[in-house]
Amino acid sequence: MSNVDWVARTQAAVWHPCTQMKQQLITPPLVIARGQGVWLYDDAGRAYIDGISSWWVNLFGHSNARINAAIIDQLNLIEHVMLAGCTHQPVVALSEQLAQLTGLGHAFYGSDGASATEIALKMSFHYWRNVGLADKTEFISLKNSYHGETLGALSVTDVAIFKDTYAPLLRHSVQMMSPDGRLAEVGETAADYALRAAAEVEQYFSQHHHNIAAMIVEPLVQGAAGMAMYDAVYLRRVRELCDLYQVHLIADEIAVGFGRTGTMFAYEQAQIKPDMVCLSKGITGGYLPLSAVLTTDAIYQAFYADSTARGFLHSHSYTGNPLACRAALASLAIFADDDVLVQNARKGDYLDAAAIGLRQHSRVQHWRRTGMIWAFDVVNAPADFARQFYLAALTQGVLLRPIGNTVYFMPPYVISEVEITQLVAGALFALNQLLS
Ligand SMILES: *Cc1c(COP(=O)(O)O)cnc(C)c1O
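All of the points below concern the structure found in this document. (Residues numbered from 1 in each chain as written. Predicted model: local features only at pLDDT ≥ 70, side-chain atom pairs only at ≥ 80, totals over all residues. Heavy atoms only, no water.)

1. Here's the deal with the sheet that holds strand 4 (residues 105-110)
What holds strands together in a sheet is hydrogen bonding between their backbones, with the strands either parallel or antiparallel. Filter applied, for reference: Strands are treated as partners if at least two bridges between them are detected by DSSP. Only DSSP runs of H or I reaching four residues or more are called helices, and only runs of E reaching two or more are called strands; each is numbered from the N terminus. Geometry is summarised by axes, namely lines fitted to C-alpha atoms with helices restricted to the contacting stretch, and by angles between N-to-C directions that run from 0 to 180 degrees. By the convention used here, residues are in contact when the closest approach between their heavy atoms is within 4.5 Å.
On the basis of which strands lie adjacent, the open sheet formed by seven strands has the order 4-12-11-10-7-5-6 and mixed pairing. Pairing within the sheet leaves two strands with one partner each, and these edge strands are strand 4 and strand 6 (174-176). Between one strand axis and the next, the sheet turns by 25° as a mean value, whatever way the strands run. Alignment of strand 5 (residues 138-142) against strand 6, held across three bridges, turns out to be parallel. Paired with Leu142 across the two strands is Met176, which belongs to strand 6. Running over the sheet, helix 8 (residues 190-208) touches strand 5, strand 6 and strand 7 (212-217) and is turned about 160° from strand 7.

Structure representation (structure tokens):
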């Protein structure tokens, strides 16, 4: 009964994100009371595997003892202090570790992924202005890209359902063809196709580079596009073109950073370094909102001057929040202590094998995997597929949210073999139920 109460009260009081509230009457939200590891428990005690890591943020499970302890420890010291005119040990230590991991530095903090995108775009434009190239004002992104939903971030996003309504408010930007390996033609490898996509960038840069500040990409996996995966050679080629034409390369690692693609950061697989990297989501292990932009010394130095206006005067109230930084430090400590990337590679292979029934399913197309992200497309999916699949999987104790006719797994890294088996079986059950 209490469940009914909370659903009615949330419907009346909370405006839920990414939701048509009227449809929520038909598909009520889960009322989650607690979590442990990969499990979410609703207030009736039913358990669900969090198969998409609570919108891609969770790395080491819910209520992780080590992250909990770090936050509680910090809570007894200082919960928050402004980062202008003050600093604190957690933000310094985290910035040092992020610099060590990325080879980029001078961590600039925001609260959400979208704020990191805004910071990177403003920083790029302002850099060019500071070095006397104020005409470089244009941003380039990929077809079907997703970089967040504030107006600047939405300008470089290319998902119609999120973007079209707000078109009159948005800054013009240009989208290059997506290197999505599924688009390769017969006889063409994913790498061939990626290079063909990069050739379009070359064409565009060669004509317009005087006006282009930056190109922003989601390295290796375009998440919101439906887990579109592409060959690393694309990033290598785009890096060369950005160098040649004086365009910043911004790596939006908000979804793919922190081990998701098998390496700590996805761009590492192309053996490149971006000019800026945007981090968020998994940065705190999925505990608290925090984002960061790291950049090169060259960019940083262009702001370092006697003139106040040459500085980067952007700010958010909760910039560098100490609790969030401690969660992030605890999460990085787990990476080091538990040899996470090696363990993940093993778990990934286990899931591949456990999913044989899905991979060979007659209605499954484009089975694909990058690190700890799996996806497949359902051929001739019925109308309302995503919602129906979600409901069917829930009956099996599995929480999944397909994007259109694409089903994906993005589980917390702490998932066990038994849990992997249940996750995959739940998806296969849901698929068969919908297609029967
Ligand atoms: C989620 C996401 C964002 C936006 O992050 P928010 O915290 O939701 O604002 C930006 N870029 C990518 C690639 C994302 O997946």
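2. Describing the site of the ligand
As a reminder, the rule being used: We call a residue near a given molecule or strand whenever any one of its heavy atoms falls within 4 Å of it. The term polar contact refers here to a pair of N or O atoms within 3.5 Å; inside protein, the definition further demands a hydrogen-donor-capable atom paired with an acceptor-capable atom, and it admits residues adjacent in sequence only when both atoms are side-chain atoms. When residue character is reported, Ala, Val, Leu, Ile, Met, Phe, Trp, Tyr, Cys and Pro are called nonpolar, Asp, Glu, Lys and Arg charged, and the others, Gly included, polar.
Residues in close proximity to the ligand include Trp56, Asp112, Gly113, Ala114, Tyr146, His147, Gly148, Glu218, Asp252, Ile254, Ala255 and Lys281, which together make up its full environment. In the environment of the ligand, an oxygen atom lies 2.8 Å from a nitrogen or oxygen atom belonging to the backbone of Ala114. A distance of 3.4 Å is found between a nitrogen atom of the ligand and a backbone nitrogen or oxygen belonging to Tyr146. Of the residues that constitute the shell around the ligand, the class distribution is five nonpolar, three polar and four charged.

3. Comments concerning the layout of surface pockets
Applied cut-off: In this analysis a 1.4 Å probe is tested at points of a 1 Å grid over the protein atoms alone, and where it fits but cannot get out there is a cavity; an open set with protein on both sides within 12 Å along at least five of seven lines is a pocket; lining residues have an atom within 4 Å of a point. Grid points are joined across faces, edges and corners, and a volume is the space filled by probe spheres set on the points.
Approximately 630 Å³ is the volume found for the second largest pocket. Taken together, 25 residues make up the lining of the second largest pocket; nearest its centre are Ala107, Phe108, Tyr300, Phe312 and His314. Elements that contribute at least two residues to the lining of the second largest pocket include exactly helix 4 (89-102), strand 4 and helix 10 (297-303). Of all the elements, strand 4 adds the most residues to the lining of the second largest pocket, at five residues.

4. Quick notes on the packing of helix 14 (residues 385-394) against helix 15 (residues 417-435)
Worth spelling out the cut-off: Every angle not falling under 35 degrees, over 145, or within 65 to 115 is termed oblique; those three ranges are roughly parallel, roughly antiparallel and roughly perpendicular. Helix crossings get a hand from a simple test, with the near helix turned counterclockwise from the far one by less than a right angle marking a left-handed crossing and a clockwise turn marking a right-handed one.
At a minimum axis distance of 8 Å, the contact between helix 14 and helix 15 shows a crossing angle of 125°. Judged by the angle between their axes, helix 14 and helix 15 are oblique. The crossing of helix 14 and helix 15 is right-handed. On the side of helix 14, the interface is formed by Phe385, Gln388, Phe389, Ala392 and Ala393, while helix 15 contributes Gly426, Ala427, Phe429, Ala430, Leu431, Gln433 and Leu434. For the contact of helix 14 with helix 15, the per-class residue count stands at nine nonpolar, three polar and no charged.

5. Structural notes on helix 3 (residues 65-75)
Put simply, the rule reads: Relative accessibility under 20% of the residue-type maximum defines a buried residue, over 50% an exposed one, and the middle range a partly exposed one, all with a 1.4 Å probe and only protein chains included. Throughout, the arc means that of the directions going from the helix axis to the C-beta atoms.
Those residues of helix 3 that sit buried are Ile67, Ala70, Ile71 and Gln74. Projected onto a plane normal to the axis of helix 3, the buried residues spread over an arc of 95° and lie on a single side. Of the residues in helix 3, the exposed ones pointing more than 90 degrees away from the buried face are Ala65 and Ile72. Buried residues along helix 3 sit against helix 4 and helix 11 (322-338).

6. Describing unusual backbone geometry
With the exception of glycine, the majority of residues adopt a negative phi angle, and the majority of peptide bonds are in the trans configuration. Phi at Cys18 takes a positive value of approximately 50°, unusual for a residue other than glycine. Overall, the relative accessible area of 48% leaves Cys18 in the partly exposed class. A positive phi is found at Ser54, a non-glycine position, where the angle reads about 50°. Note that Ser54 resides in helix 2 (residues 53-56). Relative accessible area serves as the criterion here: at 31%, Ser54 is assigned to the partly exposed category.

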